[in-house]
2 protein chains.
Amino acid sequence: MDSTAETTDGYQAWSEVTPDAARRLLVAAVEAFAERGYHATTTRDIAGRAGMSPAALYIHYKTKEELLHRISRIGHDKALEILETAASAPAAAAERLDAAVRSFVRWHAAHHTTARVVQYELDALAPEHRSEIVALRRRSDAAVRRILSEGVRAGEFDVPDVPGTTLAVLSLCIDVARWFNVDGRRTPDEVGALYADLVLRMVGARPAAGTAPKR
Amino acid sequence: MDSTAETTDGYQAWSEVTPDAARRLLVAAVEAFAERGYHATTTRDIAGRAGMSPAALYIHYKTKEELLHRISRIGHDKALEILETAASAPAAAAERLDAAVRSFVRWHAAHHTTARVVQYELDALAPEHRSEIVALRRRSDAAVRRILSEGVRAGEFDVPDVPGTTLAVLSLCIDVARWFNVDGRRTPDEVGALYADLVLRMVGARPAAGTAPKR
DNA sequence: CCGGAGGGTGAGCAAGCGCTTAGGAACCGC
DNA sequence: GCGGTTCCTAAGCGCTTGCTCACCCTCCGG
């Protein structure tokens, strides 16, 4: 049970999930969904990873989809918090964009198993859960767009197409969850730094002062 | 059967798939896999979309996985051809990078159902098929990296981390398949132009002459 | 010592899955 | 008209799936 020290997601999060057994099941589900995908994962597999019988799952969750919903909700809350915190800091647009991309990417890399479930299993949610999550995602989009348009207005950025560039920036960050750690040569911090630099170039800003661009 | 004029993939491709019924099944499988994912798609669903009985599928394909393999192989061949053609053109690095991103993105947008299967269902392939496909993907990576390193050597680009930037460029393009056409406000050509501009900025090049950056 | 509540299990149900098999319709050269 | 080939179907087999149910452990206040 404690054998897999591998899982980067044995982190302090999920602390809000309260009966201990419920949390173990949820962590097991995150691993299984990330590895094989939601539909390819069986409830027996999840229960087995948590060291329980298949029936135990249904004491804590009504359905397999409820598990996915809980994971997706908590993950989106965390990702959104990261972006909105960076977006509303009292700093220049370039600095805020650097922080947003850096921390957002770092989260996607460090918790790539969770992020993979969060970002790529949206369609498996029940319609009402899906629309709840989609609303959160629109706020992520708004946070990034706000930084970009404020940077343009302040003359810091040169961005011909703000909505399109917003989409591209988020897309670039999100896709980190797909490829990260297949054979990890980079740390989450390194990927965050690289991506922050690339995004600042995309919007026509010089790298933020103080954050050495490592040549 | 001819009811879904929606499918952007009723294009001349798949022409190499020859009994007509086999092609209809394959097109049906692309649609179903793209909509619901490989594991959530049933063989009955595929056969139904193609207007056939469930058993008909097994006349033309040995397993459901063989269908996925054929789709993945043909799609990767096409994507790779696009990249390698652009990479080996007799032109400056900036111009080749522009062409590569533009055409690669355009393909992912125009054929986003196919691209989604190609890019996001890799793990559903049998091990031997997976490694065959992974080899093709390494060649895509090599094609982009070649453009970047040649551009750096020629003094056209300013790229501190060539492998990392290669990864980011490909990642950015590939992720188009995930978000495109959820509510299509942009044409594949427009997305291609936008992304080509963004990537040229990422590598520190001015937009290629002749391709107006649309302000 | 007891009763009940919360957390767990073994066995299994109905439904749906990938895939097979026996057979038949349509077309072919002869 | 006939045998052969090609393409397809109706029926269904064996298995797995998500989920349920009857029952059984502790543990704990009185």
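Residues numbered from 1 in each chain as written. Chains lettered and ligands numbered in written order. Predicted model: local features only at pLDDT ≥ 70, side-chain atom pairs only at ≥ 80, totals over all residues. Heavy atoms only, no water.

Some thoughts on helix 4 (residues 64–87) of chain B
Residues and elements named next belong to chain B.
Part 1: Under the 1.5 Å per step criterion, the end-to-end length of helix 4 is 35 Å for 24 residues, consistent within 8% with the ideal 34 Å.
Part 2: Of all 24 residues making up helix 4, 17 are buried, and the element is well covered by its neighbours.
Part 3: Measuring from the backbone nitrogen of E65 back to the side-chain oxygen at the start of helix 4 gives 3.3 Å, which picks out T63 as the cap. (Helix = DSSP H or I, 4+ residues; strand = E, 2+ residues; numbered from the N terminus. Expected span 1.5 Å × (residues − 1). Buried < 20%, exposed > 50% of the residue type's maximum accessible area, 1.4 Å probe, protein only. Polar contact = N/O pair within 3.5 Å; in protein donor to acceptor, adjacent residues only side chain to side chain.)

What to know about the packing of aromatic side chains
Residues and elements named next belong to chain A.
Part 1: Applying the stated rule across the entire model yields seven aromatic pairs over all chains.
Part 2: A centroid spacing of 6.4 Å and a plane angle of 40 degrees characterise the contact between W179 and Y195, whose relative ring orientation is tilted. With a gap of 16 residues between them, W179 in helix 9 (residues 176–179) and Y195 in helix 10 (residues 188–202) connect regions that are remote in the sequence. Grouping residues by exposure puts W179 and Y195 together as buried.
Part 3: Every member of this aromatic cluster is reached through a ring pair, and the members are W179, F180 and Y195.
Part 4: The ring of Y38 is capped by K64, whose NZ or CZ atom sits 4.5 Å from the centre of that ring. (Phe/Tyr/Trp six-rings, centres within 6.5 Å; stacked < 30°, edge-to-face > 60°. Lys NZ or Arg CZ within 6 Å of the ring centre and 35° of its normal.)

Examining the protein's contact with DNA strand D
Part 1: Not every one of the 16 residues close to DNA strand D is listed here, only the nearest: T42 and R44 of chain A together with S53, I59 and H60 of chain B.
Part 2: If you look at DNA strand D and keep only atoms within 4 Å of the protein, 48% of those are sugar or phosphate atoms.
Part 3: One nitrogen or oxygen atom from the main chain of T41 of chain A is found 3.1 Å from a phosphate oxygen belonging to DNA strand D.
Part 4: At 2.9 Å from a phosphate oxygen of DNA strand D is found a main-chain nitrogen or oxygen belonging to T43 of chain A.
Part 5: Among the elements of the structure, helix 2 (43–49) of chain A together with helix 3 (57–60) of chain B are those that each provide at least two residues to the surface near DNA strand D. (Near = heavy atom within 4 Å.)

Observations concerning the interface of chain B and chain A
Part 1: Contacts between chain B and chain A engage 33 residues on the former and 31 residues on the latter.
Part 2: Summing both sides of the interface, chain B and chain A together bury roughly 2800 Å²; the carbon and sulfur share of this comes to 55%.
Part 3: Viewed at the interface, chain A and chain B are joined by four salt bridges.
Part 4: Close ionic contact of D158 of chain B with R201 of chain A constitutes a salt bridge, the shortest N to O distance being 3.2 Å. (Contact = heavy atoms within 4.5 Å. Buried area = accessible area lost by both parts, 1.4 Å probe. Salt bridge = Lys/Arg side-chain N within 4 Å of Asp/Glu carboxyl O.)

A look at the pattern of salt bridges
Residues and elements named next belong to chain A.
Part 1: What the rule picks out here adds up to 42 salt bridges over all chains.
Part 2: With its nearest N and O atoms 3.0 Å apart, the salt bridge here joins D98 to R102. Remark: R102 and D98 occur in helix 5 (residues 93–110); sequence separation between them is four residues, near one turn of the helix.
Part 3: Through salt bridges with shared partners, a single network forms among E31, E35, R36, D45 and R49.

Digging into the side chain of T41 of chain B
Residues and elements named next belong to chain B.
Part 1: Here T41 shows up in the loop between helix 1 (20–36) and helix 2 (43–49).
Part 2: Looking at T41, its side chain comes within polar contact range of the main-chain oxygen of A32, at 3.3 Å.
Part 3: From its side chain, T41 meets the backbone oxygen of G37 in a polar contact 2.7 Å long.
Part 4: Not counting residues within four places of it along the chain, the set of residues in contact with T41 comprises A32, F33, R36, I46 and K64.

Description of the UniProt feature "DNA-binding region" (unreviewed entry) in chain A
Part 1: Mapped onto this numbering, the UniProt entry gives "DNA-binding region" (unreviewed entry) at residues 42–61 of chain A.
Part 2: Segment residues 42–61 of chain A splits into 55% helix and 0% strand. End C-alpha atoms: 14 Å apart. (UniProt positions renumbered as here; feature names shortened; annotations may be inferred.)

Brief notes about the nonpolar core
Part 1: Judged by nonpolar contacts, the single largest core of 84 residues is most densely connected at F157 and Y195 of chain A together with F157 and Y195 of chain B.
Part 2: F157 of chain A has contacts with A93, A94, L97, I147, L148, G151, V152, V203 and A205 of chain A, leaving out every residue within four places of it along the chain. (Core = buried A, V, L, I, M, F, W, Y, C linked by side-chain atoms within 4.5 Å.)

Some words on the protein's contact with DNA strand C
Part 1: As a structural note, the neighbourhood of DNA strand C is formed by 16 residues, with S53 of chain A together with T42, T43, R44 and Y58 of chain B the closest of them.
Part 2: In the environment of DNA strand C, a base nitrogen lies 2.8 Å from a nitrogen or oxygen atom belonging to the side chain of R44 of chain B.
Part 3: Going through the elements one at a time, helix 3 (57–60) of chain A together with helix 2 of chain B are the ones with two or more residues in the surface near DNA strand C.

Structural notes on the relation of the copies chain B and chain A
In this arrangement, two copies of a chain are superimposed by a rotation about an axis accompanied by a shift along the axis.
Part 1: Overlaying chain B on chain A yields an RMSD of 0.0 Å, the required transformation being a rotation through 180 degrees with an accompanying axial translation of 0.0 Å. Seen this way, the second copy is the image of the first under a two-fold rotation axis.
Part 2: An overlap of 94% is found between the interface residues of chain B and their copies at the interface of chain A, pointing to a shared contact surface. (Least-squares fit on C-alpha atoms with pLDDT ≥ 70 in both.)

Things to note about the confidence of the model for chain A
Residues and elements named next belong to chain A.
Part 1: Per-residue confidence for chain A averages 90 on the pLDDT scale, and 89% of its residues sit at or above 70.
Part 2: Mean pLDDT values over the elements of chain A span from 94, in helix 1 (residues 20–36), up to 98, in helix 8 (residues 162–174).
Part 3: Confidence drops under pLDDT 50 across residues 1–8; counting only partners more than four residues distant or on other chains, this segment forms five contacts.
Part 4: Within the model, the stretch residues 208–215 combines pLDDT values under 50 with seven contacts to residues more than four positions away or in other chains. (pLDDT = per-residue confidence, 0-100.)

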